[in-house]
Structures are given as C-alpha cells and as structure tokens.
Amino acid sequence: MTEKIEATALPHAATKRVVAKTGQRHTRIDGPLKVCGLADFPGDVSFAGMAHAALAVSAIARGRMTSIMRSAAQAMPGVLMILTHEEVGDAIGPVDHLMGGGWANSSWRPLASPEIRYAGQIVAMVVAETAEVATAAAAALRFGYAGQSPVASLADPRCTTEPLSEVSAEHHDRRKGDLDAALARAAVCVDARYTTPIQHHNPIELPSTTCIWDGDDLTVYEPTRYIGAAQHGLAAQLGLDPARVRVISRFIGGHFGSKLALSQHTAICALAARRLGRPVRLEVSRRDQFTVANHRTETHHRLRLGAAGDGRLIGLGHDAATVSSRFDDFAMEGTDVSTALYGVETVAAEERLGRVDRNTPGPMRAPPEVPFLFALESAVDELAHALKIDPVELRRRNDTAVDPVTGKAFTTRPLMRCFDAAAAAFDWSRRSQQPRATLRDGWWVGHGCAAAARPAKIGPVALRLTQDQSGAVHVETAHHEIGNGLYTLLATIASERLGVPIDRVTVSLGDTALPPAGISGGSSTTTSLANALSDACTALLRQPQGARAVRLDWLPPGAKPGALDDLHAGHIKLLTLPEDKLAWAFGAHMVEVHVHAATGEVRVQRHVGAFAAGRVLNPLTARGQYLGGMVWGVGSALHEKTEVDPRTGVYMNRDLAEYLVPTAADIGEQVVIMVPDEDMAVNSQGVKGLGELGIIGVAAAVANGVFNATGVRVRDLPVRVEDTLG
C-alpha cells in the first residue's frame, strides 16, 4: 500500500568547488529548492488512496457535550468516518505536557470524554475522500452542550493567581535586601503597571499531519520542531514501541514557537488511518490553529524602580502574573532576566500563575523576555524622564559585570557597546529630551530605545558524520530546518573543518530515522550543533584516510549525563552553561516613531538594532534572523493582539483579516549592526544563538518613542490610535 520511505539528504545546489568558511556570508544551499517549489515540506506528501480529514471544534469554553447530531454529515457522498469521544474514548492514552516531563503541547485529550475545557477544543474529526467533503461534513455536525460561565482571561476578576513557587518546585523568586526601605530613601521612584496581550504565531505553513501504517509500523509527516517528542509521545498514546513510529519533517514553513511537540490532532489522525486501512491527511484550518496550536499568554506586571539623584539604581521590584490552562502548569519565568540586567542594590521579584478556561499557552519567540523586558525597559525610560537623564546614559550608569542577586559574573557584557554602536548609526545625540518637541509635516516625531538580553541555551544532540572513499561528506541528525539556514550551517562547518568543498557535503535533517536531536527552540540549535559537529569533525580526522564514520552522542561540557537519556527518550533538556557564570546575548534598539497629530496613527520610520551574540557563523542568515525579529517586534508593539470575548472565552479574531500583522508598508528603514562578542567561556565555539534576540526590547523602544513624540505614556500593548490621542 505504501512506498518504502528512506532518509534523504538535501540535494546540493552549489556548483563552485570551494571550501566554505564560517564567519563569512553564504547563500542558503536549500534556497533554489525553496524558490522552485521543490523543498520537501510535510504538507506536500501525497499517497495513493489517501483520505482527507477535517476538524470540528467546540463552540463553548466550559461544560459538557450532551448530544451529537451527525445525520447530515453522514449523508454526504464521500464521508468515510466520523470520530468523536463515542468512537475514541480510551483508544488514545494520556501523555503529559512537554514542559512537565511529557511530550505534548497539551495534556488534555479532546476526544476522551464529553467534557469541554476550552472554546475551540477538538470535538470531532471527519474523514472523507476529499478535503472539501471532509470540511463540509465537519461543518454540518451539530452538538448540544450544557455550558458553564468560563474564566476567560487574567483580567477576569474571578481569575485567582497563586505563587509560581508553589506550582513549580524549581522556581524561586529572586530577592536581595529590603526593597521597601530602599524605595523609601530613593530620590526618584517609578511605580507602574504594564500589560501584554495574548498573541498567536500564525506561520504561513499551517499545522498538518499525514499518517501511514505499514502493518504495526506508523510513519507520520508533520511540521514539528521536536520530532523526538512527537515520536515518543505518539507511541505512548497508541501503545506502540517508539521504534515503530517514524516522524518526518525535513522543512518547516515557520513556527516561531508553535508546532511545539506532539499535537492533539496527531493521534486522532493516526487512529483514523489505522481503522480505515489507508493513509489519512489532516490540515488544520487557520481558525482552528488558534486553539490546536499554542499561543503567547497575556502578562501583567508591576515595576517599582528607585534611584538616587545621580541615577544609580537602589531598588527594583518586579511582580508578574501569567496564566495557563486549568490542566497544564505552563509558565514563562522572566524575572531572572529582568532583575539581573542592571546593577541594583536591592531586588524583590514575585511571579504568579493564574488559571483560565482556554487552551494551554506555549513558547513564542523569546517567550519570557519579550513581555518581561517590555515592562522593565518601559519603566527604565520612565525613570530616565523623571531624573532628566538621557535613557542611554541611565543604562550606562547602571551597567554591571555581575548578577546583582547571585554575584555571578557575565562571561562577556557588551550591552553598552551595542548601545554605542546603535547610537552612532542612529544619530541618537540629536534626540530631544523634551517630549512633544518636534512636529514635522503634521507628524509628531520621537525617539525611543531599549535593551535586548537573553541567556544562551545549549542542549545535547546526536549526529552521524561519514566520509566515503571519494571524499564526499554526509552529515545526519534529526534536528529541524525551521527557516534558520541549518542545512547551510552544517554544510559550512563540515566543509571548513574537513577541508572539503561545500558542494561535496550533503546534510540530512528532520527524520526520526536519523540520530536524535533536541527541540529547535531557545536559540539553541546552532549553539548545540556547531559544537557537536566540530567535535565530530575532529574525531573523524583522527581516523585513517579512506571511508570513515563517526556516530556521536554529544553532551555539553558540564552537563549531567542524564541529559543524553532524556534526548533519546524525546524529552526537552535545554541547559544554561556554564553554571558558575551568566552567558547572555545582548542588543540595543533605537527607533524613530512618527505619530500623526490629527489621527494618532503610529509609524516606525527608522529602526536600528545592534546585537552581540557571540561568534556569528553566517552573517547573511544572521542578518535575516535579526531583521525578522525586528519586524515581529514592531508587530508586537503596534498590531498583534488576540481578542477574547470575556463572556464566552472565544477568540474573536481567528483569521489574518482581523489578527493584525505588519506588512511591508508598516516597516520603515531597518539597520542591523553585529557587534563583535568574543566569548570562548560560553562554549568551545563561542556561539550563543541569536534567533530570538532581535524581537526582544522592540516593543518597549516603540512605546518609549511614542512617549517622546507625544508625551503620552502607553503601558498596555499594542499601542493603538486611541492610546496616542491621549
């Protein structure tokens, strides 16, 4: 029924027989495949006899299903199967959330019972001969509900929060000294509250699954950034040996934090394929991906800053609240960064977690740093204005070589070098300290800045490196190409280290038949694989000339051996090393904001980002990563917000017509500066990872620029017209 599926290497598009060098610009070796439509995305596969599936989702957020009316759907020609809790039940076993030691993006089993826990929960899957019939039949299903009033958001007065330290044994709120006493003796204090909204990822490639059985062996094509978790989690759900489950995802059309691990729909699709005895494909709709995938949760912050008259920080308090679903303990901890970014005498932080009747949130690019540093960097700007000190100068006066709470030293600390580089390119010295000072052609003009910072992450990986008699090299690992240029990166490293022309190097990725690799997230992919592949090349060169091979299970120096066991079991294990120091990447954003005097429209006309993220292996792809983050930061500042009906808990703008994202017309001039950051203490290759750094701090810089332009301080994202009109 199905063809034999082999792990394939990426066909190489290079023609020049040159040895590549890291640190130089290299065009993507997979570029021609993508431009010509030949890249092998999971959603592109097609098999003889393949059936198609569509989802039906709950219209209520809390309650129980009382009836299912399926006659209209069953009567449609071409309908093959309807799966609800009546047909599934315990056929799909439970698995825990990835962040809770399991494999899934949500521990809730949507077709296990008639219970409804959030709006948009999967309540049925229809399988038909065509996707069109499946979609029409799913829409024809009718459900009866007995509903209850949901708690929709953190803003709901019924949403109670509890200390995160009571939810997670690993969380400890950071404290040093007596904050209240410090603030009482401060010359100037800022005490302000900030909020960030729910946001959804909306990648171009929607979630999808194609499942094919060959006896008791299951092959799944699915865009996921952690195929190891999908493999092991799916095996646990279906009662299979993980060796009988193969997951393939050679290219991913964007995820930005979604496509986290094992999705809720995958096992349902696999169950349908087994019962039908034919391949089944499901593509989740744009509307349903808002609840089938994860999202960035809303956050509330209270920032208290106290400073001496010269600007020296003597007290910093950061109280933060986030929410999770009622069935998963998912929290993005961020005060470890916000309370360590600047030197301060006293610190008090508390993080709390609330429960809402919505689907489980998940990571979104720079998960904690984006909302937590929006609050901190906005408060720092407010303090600078109150002190009448330039915002860059205030940060300079509070620069620190050590974490003020733990005393750990930073491996490198190029934050102010980033600000200096950005200031020179931006001409920051021309900024007016007085808000609402410049009116140009009907637009108020203002300038804002903010810092970016993120701890470097690294994780264990496994890979296989071979060289045949002709000298051709093959690199194999199950890691994922998510748009970050990983095929090119690995080919470049192997070419340089082995002295082989880059067109003699092939790379295989995204297949559980390959040596296992961890999650593609946390800006850890390059950091982990660059170090592992470098060590593998060294080991290969020690072998005699001729055909030779290295199979390497690589663990970062200083990591615990159990991390490799987790890797092979599909569990997430990202590490921050070395343990005795802080290894961070840094950046600085400067923006010129224009606010229309009559309409309140906001435009970011100029944006300079200067970043220091260790050794840059490919400046061309690095620039693309930075620019993408900067664009998304503008979207976070001015456009993106998922609206929730407070009465029903339903996401109201589940499409790209009303969920706003920036377009080309919204983006002005952008400049990226890469500040040298020689840091060999972080790891042997001096790599820190940079994919998530570009978005951090942008929203604060824009909001600070709006204040400088208009005198209106906006503390709740996104900044909208009604905010700027005061």
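Heads up: these notes are all about the structure in this document. For every chain, the first residue of the written sequence is number 1, and numbering continues from 1 onward in sequence order. Note on the predicted model: pLDDT of at least 70 is required for a residue's local features to be given, and 80 or more for side-chain atom pairs to be given and counted; whole-chain, interface and lining totals, by contrast, use all residues. In computing side-chain properties, one takes all heavy atoms of the structure into account and sets aside hydrogens as well as water.

Right, let's get into the sheet that holds strand E21 (residues 505-508). Pairing within the open sheet is mixed, and its 4 strands lie in the order E21-E20-E19-E22. The sheet is open, and its two edges are formed by E21 and strand E22 (548-554), each paired on a single side. Averaged over all neighbouring strand pairs, the angle between strand axes comes to 15°, with direction disregarded. Residues count as neighbours in contact if any of their non-hydrogen atoms are within 4.5 Å of one another. The axes are straight lines fitted to the C-alpha atoms, using for helices just the contacting stretch, and the angles between their N-to-C directions are given from 0 to 180°. Strands here are runs of E lasting at least two residues and helices are runs of H or I lasting at least four, both read from the DSSP assignment and numbered beginning at the N terminus. Contacts between helix H13 (residues 486-498) and the sheet are confined to strand E19 (461-467), strand E20 (473-476) and E21, with E21 contributing the most and set at about 140° to the helix. On the sheet, helix H14 (residues 525-541) packs against E19, E20 and E22 and is oriented at approximately 140° with respect to E22. One bridge is not enough; two strands pair if DSSP finds at least two bridges between them.

What follows deals with the sheet that holds strand E3 (residues 79-83). An order of E3-E5-E1-E13-E10-E11-E12 is seen for the 7 strands of this open sheet, with the pairing classed as mixed. On the outer flanks of this sheet lie E3 and strand E12 (245-248), each paired with one strand and no other. The sheet shows a mean angle of 20° between the axes of neighbouring strands, direction not considered. Summarising the sheet, strand E10 (residues 208-214) and strand E11 (residues 217-221) pair through 5 bridges and their orientation is antiparallel. Residue Trp213 lies in a different strand from E11, and its bridge partner there is Leu218. Across the sheet, helix H6 (residues 227-238) is in contact with E10, E11 and E12; its angle to E12 comes to roughly 145°.

Moving on to unusual backbone geometry. With glycine set apart, most residues show a phi of negative sign, and most peptide bonds adopt trans. Here the amide bond leading from Leu577 into Pro578 is cis, since omega sits at -5°, within 30 degrees of zero. By secondary structure assignment, the location of Pro578 is in the loop between helix H15 (562-568) and strand E23 (584-596). Despite not being glycine, Arg436 shows a phi value in the positive range, around 55°. Assignment of secondary structure puts Arg436 in the loop between helix H12 (415-426) and strand E17 (439-440). Looking at Arg436, the relative accessible area reads 46%, which means it is partly exposed. Even without being glycine, Asp441 reaches a positive phi, approximately 55°. Among the secondary structure elements, Asp441 is positioned in the loop between E17 and strand E18 (443-455). Burial here depends on accessible area, computed with a 1.4 Å probe over protein chains only, as a share of the maximum for the residue type. Under 20% is buried, over 50% is exposed, and the range in between is partly exposed.

A few words on the nonpolar core. Nine residue types can take part in a nonpolar core, namely buried Ala, Val, Leu, Ile, Met, Phe, Trp, Tyr and Cys, and a core is a set of them joined through side-chain atoms within 4.5 Å. Grouped together as the largest cluster of nonpolar side chains are 87 residues, with contacts concentrated most on Leu341, Leu383, Phe419, Trp584 and Val702. If you tally residues by element for this core, the top one is helix H10 (residues 369-387), at 10 residues. Of all hydrophobic cores here, the second largest spans 46 residues; its members include Leu83, Trp103, Met125 and Leu218.

A pair is scored as a salt bridge if a Lys or Arg side-chain nitrogen falls within 4 Å of a carboxyl oxygen belonging to Asp or Glu. The full count for this structure, using the stated rule, is 49 salt bridges. Between Arg454 and Glu369 there is a salt bridge, with the nearest N and O atoms lying 3.4 Å from each other. Taken together, the residues span a long stretch of sequence, with Arg454 in strand E18 and Glu369 in helix H10 at a distance of 85 residues. The burial state of Arg454 is the same as that of Glu369; both residues are buried. Arg647 is the salt-bridge partner of Asp645, the closest N and O atoms lying 2.9 Å from each other. Here Arg647 falls in the exposed class, since its relative accessible area comes to 65%. The structure contains a network of salt bridges with shared partners spanning Asp40, Arg246, Arg250 and Asp511.

Here we come to the pairing of strand E1 (residues 51-57). Of all 7 residues in E1, 5 are buried, a share of seventy percent or more. Relative to strand E13 (residues 280-283), E1 is paired through 3 bridges, and the arrangement is parallel. Looking across to E13, one finds that Ala53 is bridged to Leu282. Of the pairings in the sheet, the one linking E1 to strand E5 (residues 122-128) comprises 6 bridges and is antiparallel in character. The partner of His52 across the bridge, within E5, is Ala128.

This paragraph deals with helix H17 (residues 698-710). Along its 13 residues, H17 runs 18 Å from first to last C-alpha, staying within 8% of the 18 Å computed at 1.5 Å per residue. Extensive coverage of H17 is indicated by the burial of 13 of its 13 residues. Of the residues trailing H17, Gly711 is marked for its positive phi of about 80°. How far a helix is expected to stretch is found by multiplying one less than its residue total by 1.5 Å.

The subject of this paragraph is helix H16 (residues 619-638). If you check H16, its first and last C-alpha atoms are 28 Å apart, about what 20 residues at 1.5 Å a residue would give, namely 28 Å. Burial runs high along H16: 15 of the 20 residues are buried.

On their own, these measurements won't tell you what the molecule is for.
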